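Chains, contacts and geometry: an overview
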Amino acid sequence: MDTIVVLDFGSQTSQLIARRVRELNVYSELLPWNVAAERVFQLQPKGFILSGGPASVYEANAPQVPDYVLESKKPILGICYGMQALTHRLGGKVNPSPQREYGPATITPLIENALLEGEQRVWMSHGDRIEQLPSGFIALAKSENSPIAAMADTQRNYYAVQFHPEVHHTPRGKEILANFVLKICQAQAQWTTESIIQQTIERVRQQVKGEMVLSAVSGGVDSTVATAMVQRAVGGQLLAIFVDTGLLRHGEAVQVRQALETNLGVELVTVNAAQIFLQALQGVTEPEKKRRIIGETFIRIFEEQARLHGKPRFLVQGTIYPDVVESSAPDRAQAQRIKTHHNVGGLPSDMQFELVEPLRYLFKDEVRIVGEALGLPASIVWRQPFPGPGLAVRCLGEITAERIERLRKADAILIDELQAAGLLRMRSDPHSLQGTAQAFAVLLPVQSVGVMGDQRTYQEVVALRAVTTEDYMTADWARLPYELLAKIANRIVNEVSGVNRVVYDITSKPPATIEWE
Ligand code: XMP
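When its secondary structure is counted, the chain shows 16 helices and 18 strands. Expected size for 517 residues packed as a compact globule is a radius of gyration near 24 Å; at 25 Å, the chain falls within 12% of this value. Residues counted as buried form 54% of the 517 residues belonging to the chain. Contacts in the chain between residues far apart in sequence, at least 24 positions, make up 75% of those at least 6 positions apart. About 22800 Å² of surface is accessible on the chain, with carbon and sulfur atoms providing 49% of the total.

This is the structure in structure tokens:
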């Protein structure tokens, strides 16, 4: 399959580049800039994209463009730091800009070219700039602060841009990437949902042959889609175990079971473990301890079930491509990942399984699209992110059956009202950012005085969180209409016993996070 290799120089948006290329239906992998050349050549790339990154090319030990990239004679697109590294490597000059350029800018083409056309808005983020072109290059476009905002050596098919075509703030960025990938590299668009499914099915069949395969379904999108994929590949050999922790959102457990059992015919063993989890969590208030207990309890139950079912040789795991990328560059692991270590669905390290990872090469959006194509309902595959440890993360203080139920009800009201108002974003369609990307209720370990009828009350507080975000790394609080907030607060206080006060969280991330814990 035609492939574009993105070499990662450490930018926050490197993964986005590979995702955008795949949105053009061309397969792309993101590899560290200093990965072994053999690994790259296994993929037989049709071209290279050099990502942005935080370094300056003239610093000691700054990452450089590897020789094999140039020797391959394949087309290259340098983005931001990638442009500077290419310039430096080919004998041009890079210097600090008189003015650091961060944010929107307008570029004006200087000459007709294959990469970009017309004046357009772009997103800049750089402190260095090209002072002198390497030999063979011409400037393609300028911006107010960058006389060389894009450049090319059309003989060698080397292109570079100072801005970030991969981000949404460069509205015509996808066109630029399409020009590079489809026209300049002439890559064929072979990465389609059908081909992904076909390839994966074959890979799974080859791996497991006639053996039994076990799957741990946690209720999350990844484990559900992974299970559906293995069902399609080796249906009769799959045994899936759904551990219902009692910590899922309203209606979720039933929905997941129905989709897998009824719609897809998965042989699902459901373990109702709500009581076991509650017991294990009794008296625990510290968030990391809650996560650890949930992770360990999940594993223990799963182990028991695996033993009961003859301990098959293979185990399905919902690893997705960002996990693979991050574990290959541990220094880049985001703070966000630190918290995900004890996710429900984490696997027993001492169990001797061979792993089947059907989603290993897929980004989250691809997982969702594949899930839908396999017959899972949109309401499951496109639902909003939810932490592995479930409602426990959002039930601050001690976890009891009563408090979890209180939280679940308040959360369901919020979601219900947002949905009715058309403000619940389900599809992570990058071009429709309306509505909240994530919304949920949090139950606080705080009681306050209220008055209901003639009665004084002393009850708990629910905080509502609703954010807009593209990538969950940064987020802003959603400017929900006052009338809607009033209605939600009113319904929660009236319908959820034990709650007499509702507050709305108006902090962005950073400095806050999306979850409370
Ligand atoms: P924060 O709270 O760090 O969350 O701003 C960013 C995104 O990550 C989700 N999140 C988790 N997801 N296991 C998960 O699978 C976790 O333990 C976890 N903690 C946070 C959060 O919902 C948000 O989308």
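From this point, the narrative continues.
A cis geometry characterises the amide bond from Lys509 onward to Pro510, with omega recorded as -15 degrees. Mapping Pro510 onto the fold places it in the segment after strand S18 (499-504). Even without glycine at this site, Asn25 takes up a positive phi of about 65 degrees. Structurally, the position occupied by Asn25 is in the loop between helix H1 (14-23) and strand S2 (27-32).

Taken across its 10 residues, H1 has eight buried, putting it largely inside the fold. Within H1, burial applies to Ser14, Gln15, Leu16, Ile17, Ala18, Arg20, Val21 and Arg22. Asn25 lies just past H1 and shows a positive phi near 65 degrees.

What follows covers the packing of aromatic side chains. Where two aromatic rings form a pair, the distance of their centres and the angle of their planes describe that pair. If you walk through the whole model with that rule in mind, you get eight aromatic pairs. Centre to centre, the rings of Phe9 and Tyr81 are 5.4 Å apart; their planes meet at 55 degrees, and the pair counts as tilted. Taken together, the positions of Phe9 in the loop between strand S1 (3-8) and H1 and Tyr81 in helix H4 (residues 81-89) put the pair 72 residues apart, joining distant regions of the chain. With respect to burial, Phe9 and Tyr81 carry one shared label: buried. Seen from their ring centres, Tyr27 and Trp191 are 4.6 Å apart, and the 50 degrees between their planes marks the pair as tilted. One end of the pair, Tyr27, is in strand S2; the other, Trp191, is in the loop between helix H5 (173-184) and helix H6 (193-208), with 164 residues separating them in the sequence. The exposure class assigned to Trp191 is buried, which follows from its relative accessible area of 6%. The rings of Phe9, Trp33 and Tyr81 are connected pair by pair, giving a single aromatic cluster. Here the basic side chain of Lys311 rests over the ring of Phe353, its NZ or CZ set 5.2 Å away from the ring centre.

On to the state of the cysteines, then. In the structure shown here, the tally under the stated rule is zero disulfides. Cysteine Cys185 shares no disulfide, and the gap to the nearest cysteine sulfur, in Cys80, comes to 20 Å.

Where H6 contacts helix H7 (residues 221-234), the two axes come as close as 9 Å, and the packing angle between them is 70 degrees. Between H6 and H7, the angle is such that the two are roughly perpendicular. The way H6 lies across H7 gives a crossing that is right-handed. Where H6 approaches H7, its residues Ile197, Thr200, Ile201, Val204, Arg205 and Val208 are matched on the opposing element by Met229, Arg232, Ala233 and Val234. Residues of the contact of H6 with H7, tallied by class, amount to seven nonpolar, one polar and two charged.

Before going further, it helps to examine the pairing of S1. Counted residue by residue, S1 has six buried out of six residues, so it is predominantly covered. With burial as the criterion, each face of S1 is covered, one bearing Thr3, Val5 and Leu7 and the other bearing Ile4, Val6 and Asp8. Here S1 runs beside S2; their pairing, made up of six bridges, is parallel. In the sheet register, Ile4 faces S2, and the bridge partner there is Ser28. At this point the chain moves from S1, through H1, to the parallel S2, and the crossover so formed is right-handed. Direction of pairing for S1 relative to strand S3 (residues 47-50): parallel, over a ladder of four bridges.

Turning our attention to the side chain of Asn500. Topologically, Asn500 is positioned in strand S18. A polar atom in the side chain of Asn500 sits 3.0 Å from the backbone oxygen of Ser448. Setting aside its immediate chain neighbours within four residues, Asn500 contacts Ser448, Val449, Gly450, Met452, Thr457, Tyr458, Gln459, Glu460 and Val493.

Counting across every chain of the model gives 29 salt bridges. When the shortest N-O distance is used, the salt bridge between Glu131 and Arg129 registers 3.1 Å. Residue class for Glu131 comes out partly exposed when judged on its relative accessible area of 36%. Here the salt bridges do not stand alone but share partners, grouping Asp416, Glu417, Lys487, Arg491 and Glu495 into one network.

Another point: the sheet that holds strand S4 (residues 76-79). Reading across the sheet, the nine strands line up as S2-S1-S3-S4-S9-S8-S7-S5-S6 and stay open at both edges, with mixed pairing between neighbours. Each edge of the open sheet is held by one strand with a lone partner, namely S2 and strand S6 (120-132). Strand-to-strand, the axes of this sheet are offset by a mean angle of 25 degrees, without reference to chain direction. Packed onto the sheet, H4 meets S3, S4, strand S5 (93-109), S6, strand S8 (150-153) and strand S9 (158-161) and runs at close to 30 degrees relative to S6.

Let's shift gears to the confidence of the model for the chain. The predicted coordinates of low-pLDDT regions are not to be read in fine detail. A residue-level look at the chain finds 94% of positions with pLDDT of 70 or above and a mean pLDDT of 92. Throughout residues 333-343 the model reports pLDDT below 50, and contacts reaching past four residues in sequence, or to other chains, amount to 15 contacts.

With respect to the secondary-structure elements, Phe242 resides in strand S11 (residues 238-244). Overall, Phe242 belongs to the buried group, its relative accessible area being 0%. Separated by 25 residues in the primary sequence, Phe242 and Val217 have C-alpha atoms spaced 4.7 Å apart. Beyond its immediate sequence surroundings of up to four residues, Phe242 is in contact with Val217, Ser218, Gly219, Leu248, Ala253, Arg257, Leu268, Val269, Thr270 and Val271.

Strand order in the open sheet formed by five strands is S12-S11-S10-S13-S14, with parallel pairing between adjacent strands. Of all strands in the sheet, those with a lone pairing partner are strand S12 (268-272) and strand S14 (354-356), marking the two edges. Averaged over all pairs of adjacent strands, the angle between their axes in this sheet comes to 25 degrees, without regard to strand direction. In this sheet, S14 lies alongside strand S13 (residues 314-316) in parallel orientation, the contact comprising three bridges. Across the sheet, residue Val316 finds its bridge partner in S14, namely Val356. Packing against the sheet, helix H10 (residues 287-308) makes contact with strand S10 (213-217), S11, S12 and S13, and its axis sits at approximately 150 degrees to S10.

The rules behind the values
- Residues numbered from 1 in each chain as written.
- Predicted model: local features only at pLDDT ≥ 70, side-chain atom pairs only at ≥ 80, totals over all residues.
- Heavy atoms only, no water.
- Helix = DSSP H or I, 4+ residues; strand = E, 2+ residues; numbered from the N terminus.
- Rg over C-alpha atoms; globule rule 2.2 N^0.38 Å.
- Buried < 20%, exposed > 50% of the residue type's maximum accessible area, 1.4 Å probe, protein only.
- Contact = heavy atoms within 4.5 Å.
- Areas by Shrake-Rupley, 256 points an atom, 1.4 Å probe, with all protein chains shown as cover.
- Phe/Tyr/Trp six-rings, centres within 6.5 Å; stacked < 30°, edge-to-face > 60°.
- Lys NZ or Arg CZ within 6 Å of the ring centre and 35° of its normal.
- Disulfide = S-S within 2.5 Å.
- Axes fitted to C-alpha atoms, helices over the stretch in contact; angles between N-to-C directions.
- Parallel < 35°, antiparallel > 145°, perpendicular 65-115°, else oblique.
- Left-handed = near helix turned anticlockwise from the far one by under 90°.
- Nonpolar A, V, L, I, M, F, W, Y, C, P; charged D, E, K, R; others polar.
- Pairing = 2+ DSSP bridges.
- Right-handed = clockwise from strand over helix to strand, strands pointing away.
- Polar contact = N/O pair within 3.5 Å; in protein donor to acceptor, adjacent residues only side chain to side chain.
- Salt bridge = Lys/Arg side-chain N within 4 Å of Asp/Glu carboxyl O.
- pLDDT = per-residue confidence, 0-100.

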